[in-house]
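So you can see what is in the structure, the chains are spelled out below.
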Amino acid sequence: MSKEVVLSGIRPTGFLHLGNYFGAMRNFVRMQSEFDCYFFVANWHSLTTHPDTQTLRQSVHRVIAENIACGLDPEQVALYVQSDVPEIAELYLYLNMLAYKGELEKTVTFKEKVRLQPDNVNAGLLTYPVLQAADILIHRAVKVPVGKDQEQNLEMARNFAERFNHRYGDVFPLPYGFNYGGELVKILGLDGEGKMSKSENQLSTLYLADDDETIRKKIARAKTDQGPATENSVKPPYIENLFTLLKLVSTPDTVSKFEEDYNMSQQGDCRIRYGDMKKQLAEDMIRFIAPIREKAADLQSNPELLSTIIKKGAEKARASAATTLTQVRKAIGTGN
């Protein structure tokens, strides 16, 4: 019995961080043994907002290396670069005939990008959801791990698939959002404001490429307060976030110790020592991040190996894409 197809992509802009790992990568590692997985680096997508391509190849290699270092197995999954699968571009062309200017202009992501880059409102930015749909539909994926900010684009991918099926014949299954819901972890920035980011808010984000001393400095600067005023107080979000990080990388005994100190604290008798807690968190975080950082660095120092991995991933992806495109061409009438 064939496995259901899972598809996810990541832009080669910025560096992977702790939020990426616990919000996505950890689940991808589990998915690879349960589904037929296609994970790709979206270098075409990055051109809509990052036209400077001088470091693009290097960034693509870094993302691939970090994905493998986090636990993705190139022998199990198709790990590839978007531009190595030209079939995506052909499907993108066909889907553009089913997409309408009005609906594309209304997408939240388009409006936000226009606000951020008013001097670079290019056609690729407008049709971003169409290319994203092509990424998904080219493998006839049914499960797509997405965050809240991409749910609208995924719904549009379903719309395009339905329109294609209605106009040309039943070719595409409808893709839906998928995650192991109970295991999703939301990690705030260390300043307590917003999520960790690949490219913004860098001093409050723990990157998988950070060295030991950088990790110590960032956690030492994490936002805290004077401590709870009463016993068993509800933790403010920035303090809860520190405990969330502690639970992810420290031993249960360590977590219990600081939880107890917090719950027994009150004004005039503050038992929680945030300085000690942050020092412990920093050392445990270093133990967690260091092996990922070192494995990714080793892979990046071997560009020939990375190129071989990327080539094999492209071969897997193109085989899948070619099968889909044969059906698409036949349905439309452009094939032989």
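Draft legend 1. Here's a closer look at helix H3 (residues 56-69). Compared with the 20 Å implied by 1.5 Å per residue over 14 residues, the 20 Å span of H3 between its first and last C-alpha is a close match. Burial analysis of H3 places 12 of its 14 residues in the buried class, the great majority of the element. For H3, the set of buried residues is Leu56, Ser59, Val60, His61, Arg62, Val63, Ile64, Ala65, Glu66, Asn67, Ile68 and Ala69.

Draft legend 2. Representation of the side chain of Asn43 within the structure. Relative to the helices and strands, Asn43 is located in helix H2 (residues 43-46). Side chain to side chain, Asn43 and Ser83 meet in a polar contact 2.7 Å long. In this structure, Asn43 is in contact with Pro12, Leu56, Val60, Val81, Gln82 and Ser83, ignoring residues within four places of it in sequence.

Draft legend 3. Quick look at helix H10 (residues 212-220). Taken as a whole, H10 has its buried residues at Ile215, Lys218 and Ile219. The buried residues of H10 all sit within an arc of 95° when viewed along its axis, so they share a single face. Along H10, the residues that are exposed and aim more than 90 degrees away from the buried face are Lys217 and Ala220. On its buried side, H10 packs onto helix H13 (274-300). Measuring from the side-chain oxygen of the N-cap residue of H10 to the backbone nitrogen of Glu213 gives 3.2 Å; that N-cap residue is Asp211.

Draft legend 4. Representation of the pairing of strand S1 (residues 5-10) within the structure. Here S1 lies mainly inside the structure; 5 of its 6 residues are buried. Two strands pair when backbone bridges link them, and S1 and strand S2 (residues 36-41) are joined in this way by 6 bridges, in the parallel orientation. The residue bridging Val6 from the neighbouring strand is Cys37, located in S2.

The rules behind these values
Residues numbered from 1 in each chain as written. Predicted model: local features only at pLDDT ≥ 70, side-chain atom pairs only at ≥ 80, totals over all residues. Heavy atoms only, no water. Helix = DSSP H or I, 4+ residues; strand = E, 2+ residues; numbered from the N terminus. Expected span 1.5 Å × (residues − 1). Buried < 20%, exposed > 50% of the residue type's maximum accessible area, 1.4 Å probe, protein only. Polar contact = N/O pair within 3.5 Å; in protein donor to acceptor, adjacent residues only side chain to side chain. Contact = heavy atoms within 4.5 Å. Arc of directions from axis to C-beta. Pairing = 2+ DSSP bridges.

Function cannot be read off these values alone, since they describe shape.
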